[in-house]
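This is what each chain is made of:
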Amino acid sequence: PEVWDAWGNPPTLIATRDVAGHAHRRKAWSRALSISAVNDYNAIVTTRARQLVDKWKILVREHSAGGKTVLIDVAQWMGFFTCVPRDASREPTRD
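Worth saying up front: this structure is predicted, and the values here are computed from it rather than measured. (Residues numbered from 1 in each chain as written. Predicted model: local features only at pLDDT ≥ 70, side-chain atom pairs only at ≥ 80, totals over all residues. Heavy atoms only, no water.)

A. How the structure looks around the overall build of the chain. The helix and strand inventory of the chain stands at 3 helices and 0 strands. Reading the secondary structure of the chain in the N-to-C direction produces α-α-α. Within the chain, contacts between residues at least 6 apart in sequence are counted, and of these 22% link residues at least 24 apart. (Helix = DSSP H or I, 4+ residues; strand = E, 2+ residues; numbered from the N terminus. Contact = heavy atoms within 4.5 Å.)

Here it is as structure tokens:
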């Protein structure tokens, strides 16, 4: 097997040294990031962003009684938002 350095194994699209492999992977990314594809994602991202903000508002409303500070682990929630949870088993942190 080939040994890859700090770029991971398999390497990222940018770091790949295999020209044919790079072209194959780039084709998929090019389609996904075309103007029309990005325009299609706009409605989805807008809806999910509104859901995220609404959820934060609910958490604050439910847990801020008596002037308590509500701490939200934004990194965790961004993971949920992007479908890459850091630790899906953890609940948001509250004070």
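B. Broad picture of helix 2 (residues 35–63). The end-to-end C-alpha separation of helix 2 is 41 Å, in line with the 42 Å expected for 29 residues at 1.5 Å each. Taking the largest bend as the criterion, helix 2 deviates by roughly 30 degrees, centred on Asn-42. Where helix 2 is concerned, the buried positions are Ala-37, Leu-52 and Leu-59. Taken together, the buried residues of helix 2 touch helix 1 (19–32) and helix 3 (74–81). (Expected span 1.5 Å × (residues − 1). Bend = angle between axes of the 7 residues up to and from the residue. Buried < 20%, exposed > 50% of the residue type's maximum accessible area, 1.4 Å probe, protein only.)

C. Here's a closer look at the confidence of the model for the chain. Taken over all residues, the pLDDT of the chain has a mean of 79, while the share at 70 or more is 78%. Helix 3 is the least confidently modelled element of the chain, averaging 86 in pLDDT, while helix 2 averages 90, the highest of any element. (pLDDT = per-residue confidence, 0-100.)

D. Just helix 3, in detail. If you check which residues of helix 3 are buried, you get Gln-76, Trp-77 and Gly-79. Taken around the axis of helix 3, the buried residues stretch over an arc of 150 degrees, which confines them to a single face. For helix 3, the elements touching its buried residues are helix 2. One side-chain oxygen at the N-terminal end of helix 3 lies 3.3 Å from the backbone nitrogen of Ala-75; it belongs to Asp-73. (Arc of directions from axis to C-beta. Polar contact = N/O pair within 3.5 Å; in protein donor to acceptor, adjacent residues only side chain to side chain.)

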